[in-house]
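In case you want the letters, here they are:
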Amino acid sequence: MNLLSFENFEMLSESAETFNRELDNILNENIGAALGSPIKFTKIKNNAKKYQQALVQIAINNLDFEKKKAAGNLDKEKVNVLKAANAQKNQALRDKADSISTRMDQLATSPGLKKVASIAKNKSKMAAAETALKTAEGEEAKALKLKIQGLNQKVAADQQSLKDYTKSDDKKTDGK
């Protein structure tokens, strides 16, 4: 487990709790998608929480790096060491996130589960962007807001698609 400062731990915990509530609300509304495979649905949901935590840890890691750099009492050699350490830690976290994402894709065998995985991934990315937005300024903040807006649109489209899928699935089972 990576060591975090208390402030970063609080941000990660807050982000994880918010994410869990939102994900539970979204996915429980569309529980019909899980009826085909409730075990895979649960595994996707659990992996989504891990994926979100990895993405938020990357955002927190970048925030820490910027804070240390802004402190200003570092010589060029220490800044280079910090950059290298930040890059290594981010790469390890990205690898972890990529493996979790791949696992979610493997679990999503039906169209409904694929939509659930897509919603979960986009919500995870939104949580990471919102965490980074807390300390971003200027152009970076604007770019993050645009990214969040785009992810919100993707989530809304996926949710509608999932609702349509569950409705068409219900019609098929009623017609039998």
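Look above for the structure.
Residues numbered from 1 in each chain as written. Predicted model: local features only at pLDDT ≥ 70, side-chain atom pairs only at ≥ 80, totals over all residues. Heavy atoms only, no water.

Undergrad: Account for the overall build of the protein chain, naming residues and giving values.
TA: A tally of regular secondary structure across the protein chain gives 5 helices and 0 strands. Starting at the N terminus, the α and β elements of the protein chain follow one another as α-α-α-α-α. Looking at the 176 residues of the protein chain, the share that counts as buried comes to 38%. Nonlocal contacts in the protein chain, meaning residues at least 24 apart in sequence, comprise 79% of its contacts between residues at least 6 apart. (Helix = DSSP H or I, 4+ residues; strand = E, 2+ residues; numbered from the N terminus. Buried < 20%, exposed > 50% of the residue type's maximum accessible area, 1.4 Å probe, protein only. Contact = heavy atoms within 4.5 Å.)

Undergrad: Mind laying out the packing of helix α2 (residues 38–71) against helix α3 (residues 76–107), listing which residues take part and the relevant values?
TA: With their axes 9 Å apart at the nearest point, α2 and α3 run at an angle of 170° to one another. Put simply, α2 runs roughly antiparallel to α3. Considering only the axes of α2 and α3, their crossing is left-handed. In terms of residue class, the contact of α2 with α3 is built from 14 nonpolar, 7 polar and 10 charged. (Axes fitted to C-alpha atoms, helices over the stretch in contact; angles between N-to-C directions. Parallel < 35°, antiparallel > 145°, perpendicular 65-115°, else oblique. Left-handed = near helix turned anticlockwise from the far one by under 90°. Nonpolar A, V, L, I, M, F, W, Y, C, P; charged D, E, K, R; others polar.)

Undergrad: Help me get a handle on the environment of A54, residues and values and all.
TA: With respect to the helices, strands and loops of the structure, A54 is situated in helix α2. Among the residues examined, A54 registers a relative accessible area of 1% and is labelled buried. With 42 residues separating them in the primary sequence, A54 and L12 have C-alpha atoms 9.7 Å apart. In contact with A54, not counting residues within four places along its chain, are L93, K96 and A97.

Undergrad: Can you tell me about the pattern of salt bridges, naming the residues and giving the values?
TA: Should their charged atoms come close, side chains of opposite charge can pair. Under the definition given, this model contains 1 salt bridge. Put simply, D105 and K121 hold a salt bridge, and the shortest N to O gap is 2.4 Å. Pair noted here: D105 is in helix α3 and K121 is in helix α4 (residues 111–133), with a separation of 16 residues, a long-range link. On the basis of relative accessibility, which here comes to 44%, the residue D105 falls in the partly exposed class. (Salt bridge = Lys/Arg side-chain N within 4 Å of Asp/Glu carboxyl O.)

Undergrad: I'd like a description of the nonpolar core, backed by residues and values.
TA: Among the nonpolar cores identified, the biggest contains 31 residues, and I44, A48, Y51, L55, V56 and M104 are the most heavily contacted of them. Counting residues per element, the ones that place at least two in this core are α1 (6–29), α2, α3, α4 and α5 (138–174). When residues of this core are assigned to their parent elements, the largest contribution, 10 residues, is made by α2. A59, A129, A132 and L144 belong to the second-largest nonpolar core, a separate cluster that totals 5 residues. (Core = buried A, V, L, I, M, F, W, Y, C linked by side-chain atoms within 4.5 Å.)

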